[in-house]
Amino acid sequence: PRMTVIDTDPGIDDAIGILLALSSPEFTIAGVTTVAGNIGIEATTRNAGRLLAFAGREDISVFQGAAAPLSRVGPEPLNLHGEDGIGGVALPDPARPPEGRNAVEWLAEFLLDQPVGTVDVLALGPLTNIARLILASPEAAKRVGRVIAMGGAIYERGNVGPRSEFNLWADPEAAAVVVTSGLPLVLIPLDVTRRVRATREFSGILASSEKSFASMAGKLIESYFESTTNRESRPLHDPCVMLFALSPELFHCENLELSVSTAGNEHAGELAVAAGSTSVRVALRVDAPAALELLERQLTAAQAGDKFKI
Ligand code: BDR
Ligand code: CA
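What counts, and at which threshold
- All residue numbers refer to positions counted from 1 along the written sequence of the respective chain.
- As a convention, the first chain written is A and the first ligand written is 1, with the rest following in written order.
- Only residues with pLDDT of at least 70 get local features here, since the model is predicted, and only at 80 or more are side-chain atom pairs given and counted; chain-wide, interface and lining totals rely on the full set of residues.
- Whether a residue is near a molecule or strand depends on its C-beta atom, generated from backbone atoms, being within 6 Å of that molecule or strand.
- A helix here means a DSSP run of H or I that spans at least four residues, while a strand means a run of E at least two residues long, and both kinds are numbered starting from the N terminus.
- Throughout, the ten residues Ala, Val, Leu, Ile, Met, Phe, Trp, Tyr, Cys and Pro are labelled nonpolar, Asp, Glu, Lys and Arg are labelled charged, and all others, Gly among them, are labelled polar.
- Pairing between strands is defined by DSSP: at least two bridges between the two strands are required.
- Each axis is a line fitted through C-alpha atoms, taken for helices only over the stretch in contact, and angles between the N-to-C directions span 0 to 180 degrees.
- Remark: residues whose backbone-derived C-beta atoms lie within 7 Å of one another are considered to be in contact.
- To estimate how far a helix should extend, the number of its residues minus one is multiplied by 1.5 Å.
- Buried, partly exposed and exposed are defined by the number of other C-beta atoms within 10 Å of a residue's own C-beta, namely 20 or more, between the two limits, and 12 or fewer respectively, with C-beta atoms placed from the backbone.
- To be clear, the arc concerns the directions from the helix axis to the C-beta atoms.

An unreviewed UniProt entry annotates the protein chain as Nucleoside hydrolase originating from Microvirga splendida.

This brings us to the site of ligand 1. Taken together, the neighbourhood of ligand 1 is formed by 14 residues, with Gly11, Asp13, Phe166, His237 and Asp238 sitting nearest. Elements that contribute at least two residues to the shell around ligand 1 include exactly helix 1 (12-22) and helix 6 (166-170). For the shell around ligand 1, the residue count by class is four nonpolar, six polar and four charged.

Turning next to the sheet that holds strand 3 (residues 62-64). Reading across the sheet, the nine strands line up as 3-2-1-4-5-6-11-9-10 and stay open at both edges, with mixed pairing between neighbours. At either margin of the open sheet sits one strand with a lone partner, and together these are strand 3 and strand 10 (271-273). Across the sheet, the mean angle separating the axes of adjacent strands is 35 degrees when strand polarity is ignored. As defined by bridge partners, strand 9 (residues 251-260) adjoins strand 10 across three bridges and the pair is classed as antiparallel. Across the sheet, residue Leu258 finds its bridge partner in strand 10, namely Val273. On the sheet, helix 7 (residues 172-179) packs against strand 5 (144-150), strand 6 (185-188), strand 9 and strand 11 (278-286) and is oriented at approximately 115 degrees with respect to strand 9.

Once that is clear, we can look at helix 12 (residues 288-301). An ideal rise of 1.5 Å per residue puts 20 Å on 14 residues; helix 12 measures up with 20 Å between its terminal C-alpha atoms. Within helix 12, burial applies to Ala291, Leu295, Gln298 and Leu299. Looking straight down helix 12, one finds its buried side chains confined to an arc of 95 degrees; they lie on one side. Opposite the packed face of helix 12, turned more than 90 degrees from it, sit the exposed residues Pro289 and Glu293. Against helix 1, helix 9 (200-207), helix 10 (212-226), helix 11 (239-246) and strand 11 lie the buried residues of helix 12.

Right, here's the structure in full:
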């Protein structure tokens, strides 16, 4: 198994990504770090704890991270993910509170403790925590194996501004730090995540599964449908990060020299392919049917309460 930290702002699709990771023996989840994004930091932290409680995995610690972007006022929470951030889906309350330590401090210490290059960070929200790690503890940051981050739009239209995607838009200064840091970064942009779509039929199949991870993921996707009208399918953005980590051969990647716009408006977080900028590995295409099949297979292979040994 690969030592993995999940940095997240759950978020319905974050929640599905977390369930996918929890159901996959390929990952050893060292900790979950939270960031404000889809909703405020208290709620994203609480949701992370609730998902671990549901999975019977409260042995995994939650560390609360950044409440606001690096240097600007945070965005208003999206209402796409419901008032609680995960569509009102019933989950147990965590038996224990999040750790007292800040996410970035813990992550730095953890990385310094592990062999170089052995820890992957799966980043599902705004990149504030990762940028703080790079700025505050560059020696620790350099030890990361890979940062695999959902974010950005390359040739695709944006989902916040015309060309900007939520995670990069929400903290463009942090995104710029991470993209230009030279850390081994794989970006999973909307170009790919918009292709991995759950239909109502797919979510229905998951929701009616006897397996608890699958049925919870199905319920979460069904709640995602409730927040929109006239949509026959919903994109599974964040789970694509886990799917990439599990099966990179399902994705076509290219190295692109990218810069991030730190403009102050709807153009914030836009990516430009600019010669001379830092080269980043970017997923541009995906075998979507195979990705959905893998998602379903992993979610139905395990049950809440299962524990994987390191
Ligand atoms: C990203 O924004 C969030 O709303 C989702 O959780 C995902 O991480 C998609 O643009
Ligand atoms: Ca997210």
